[in-house]
Every structure is written in C-alpha cells, then in structure tokens.
Amino acid sequence: MKLTATMTSLAGVLLAGVVGTAQAAVVDFQDVPSGSCYYAGTTVQSQGFTFAGNPVDSSMYICDPGVIQSNTSAALINANERSILTMTESGGAAFSLTSFFAGGRTENFAPSLPVSLYSVATSIDILGNLVGGGTVFTSVTLDRRAPYDWDQFFLPSSFTNLSSVVFTAIGRGSTPEFLIDDIVVNRIPEPASLALLGVALAGLGLARRRRLT
C-alpha cells in the first residue's frame, strides 16, 4: 500500500513536470526595454529564447506600437539591412513553433504610409532546423500595400522538435524589414525526463500487479 502510494505520488510529480514543460509560452518581448525603436544590441533574449540578427548588420530594436508598424505591443525588428532573425531556446532545448504576429516596416512614425528608406517586405521565409538533422520550411505572405496589416500567422504541424528557426524577409529590393511579436512556442520535454516518467509508471504498474497477486 505504501509503495503504491509512493509510486503514484512520484508519477504524478513527474507527469506534472513534463506536462508543465510542454505548455505553450508566448515570447512577447515585454521583458525587454522598449521605446521609439529602442536599440537592444546585436542579440535579444526574451522569455527564455535568444534572437540573433543578420550577420551583415545584426542591430536589434524593440519598437513600441505605432512607430514603424501598427503592432499592438512592443515588437522586435532586425533593422538597417534585410531582416533575418535566428531564434533558439536559450538553454538549448528543443521546441515547437505554433504562430506569431508580424508586419512589414512602414514609414517612421507613420504606420499608414509606405516605407521609403528601405525595401517593402512582401513575405517571410521560415526555415526550421530539426534536432538531429533535417529542415522544415514554409513562407508567409505579408500585406504589401500601405498601411501594411499587422497579422497573425500559423505554422504547419511539422514545425516541432526544432533546434532553431530562421525568419528571413523577402521583398522588392535588398533591404526588406519586418517586425515580429507574440511568438507562440512549446518547449519539448527532454528525453531524460520522459524516460524517468516511464520508469515511474512502470514501477507503479508492477506494484499494482504484485498487490493483486
């Protein structure tokens, strides 16, 4: 009886930990200073994820709503060259990508007007690098007529067990830029956690069989 109760409690704790790890999180950049496009350095960390920019110019900015897009909260942009963002889990864990909000850069302090200093972003190519090798790919189309819409995009179910994701702006010219925010992700439980849970459940089953016999 005591063994069964102990195993049940252990399995419950482990299951709660694994399920908790797999719960969705939203990377919203609310934990990063923002402003009228606040310079945030060459990498940005938010909600346990790291973002690196275009190697040609990796300058990263956190922009308040209405500065260069109709975003509804502070959003991230890799600016001055083609926007390229590489996203990884800061601790190296695998993750899945569900959705995000994005929009092309507009005129400064005039989100209803088309961008003039940079190229118009027409789409975002999204390349997912899988744990253990291999890739997945999709592309989303941005509103290309001002005022550029701030839209939510959903990823195919194949965007799971990722080690990194690369977002690349595509557009008319060499310097298309986009802002991104509210990235919905799931951290995937590590194999060791799942194995430990399996051991606990197996032990629980064995204890129950012994009790019945």
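Rules of the game
- Residues numbered from 1 in each chain as written.
- Predicted model: local features only at pLDDT ≥ 70, side-chain atom pairs only at ≥ 80, totals over all residues.
- Heavy atoms only, no water.
- Helix = DSSP H or I, 4+ residues; strand = E, 2+ residues; numbered from the N terminus.
- Buried < 20%, exposed > 50% of the residue type's maximum accessible area, 1.4 Å probe, protein only.
- Contact = heavy atoms within 4.5 Å.
- Areas by Shrake-Rupley, 256 points an atom, 1.4 Å probe, with all protein chains shown as cover.
- Core = buried A, V, L, I, M, F, W, Y, C linked by side-chain atoms within 4.5 Å.
- Pairing = 2+ DSSP bridges.
- Disulfide = S-S within 2.5 Å.
- Salt bridge = Lys/Arg side-chain N within 4 Å of Asp/Glu carboxyl O.

With that settled, consider the overall build of the chain. From N to C terminus, the chain includes two helices and 15 strands. Residue burial in the chain is summarised as follows: out of 213 residues, 46% are buried. Look at the contacts in the chain between residues 6 or more apart in sequence, and 72% of them connect residues 24 or more apart. About 10,200 Å² of surface is accessible on the chain, with carbon and sulfur atoms providing 57% of the total.

Core analysis: the largest hydrophobic core is formed by 33 residues, its most contacted members being Phe100, Phe167 and Ile183. Contributions of two or more residues to this core are made by β4 (49–52), β5 (60–63), β7 (84–89), β8 (95–104), β11 (120–130), β12 (135–141), β14 (162–172) and β15 (178–187). Not counting the four nearest positions on each side in its chain, phenylalanine 167 is found in contact with Ser83, Ile84, Leu85, Met87, Leu97, Phe100, Ile124, Asp125, Ile126, Phe178 and Ile180.

The next point concerns the pairing of β5. Burial of the side chains of β5 extends over both faces: Met60 and Ile62 are buried on one face and Tyr61 and Cys63 on the other. By the bridge criterion, three bridges tie strand β2 (residues 38–41) to β5 in an arrangement that is antiparallel. In the sheet register, tyrosine 39 faces β5, and the bridge partner there is tyrosine 61. Summarising the sheet, β5 and strand β6 (residues 75–78) pair through four bridges and their orientation is antiparallel. Paired with methionine 60 across the bridge in β6 is asparagine 78.

Note that the residue after alanine 146, namely proline 147, is joined by a cis bond; omega there is -5°. Within the secondary structure layout, proline 147 lies in the loop between β12 and β13 (151–154). Look at glutamine 47: it is not a glycine, yet its phi comes out positive at around 55°. Examined against the element boundaries, glutamine 47 turns out to sit in the loop between β3 (43–46) and β4. Even without a glycine there, the phi angle at asparagine 161 is positive, about 55°. Its place among the elements puts asparagine 161 in the loop between β13 and β14. For asparagine 161, a relative accessible area of 34% translates into the label partly exposed.

Okay, the state of the cysteines next. Tallied over the entire structure, the rule returns one disulfide. Two residues share a disulfide in this structure: cysteine 37 and cysteine 63, whose sulfurs sit 2.1 Å from each other. Between cysteine 37 and cysteine 63, the S-S torsion sits near 115°, and that sign places the bridge as right-handed. With a gap of 26 residues between them, cysteine 37 in the loop between β1 (24–27) and β2 and cysteine 63 in strand β5 connect regions that are remote in the sequence.

All right, on to the environment of valine 165 then. As for its placement among the helices and strands, valine 165 is situated in strand β14. With relative accessibility at 0%, the residue valine 165 sits in the buried group. The sequence separation of valine 165 and isoleucine 126 amounts to 39 residues, and the corresponding C-alpha distance is 6.9 Å. Leave out the neighbours within four places in its chain, and valine 165 touches Leu85, Thr86, Met87, Phe95, Leu97, Ile126, Leu127 and Gly128.

Turning next to the pattern of salt bridges. Considering all chains together, one arrives at two salt bridges under this definition. Across the pair arginine 187 and glutamate 89 runs a salt bridge, and its minimum N-O distance is 2.9 Å. Placement of the pair is arginine 187 in strand β15 and glutamate 89 in strand β7, with a sequence separation of 98 residues.

So, about the side chain of serine 96. Mapping serine 96 onto the fold places it in strand β8. You can call serine 96 buried: its relative accessible area is 12%. Non-local contacts of serine 96, meaning those with residues more than four positions away in its chain, are made with Phe159, Thr160, Leu162, Val184, Val185, Asn186 and Ile188.

That's the geometry; what it means functionally is another story.
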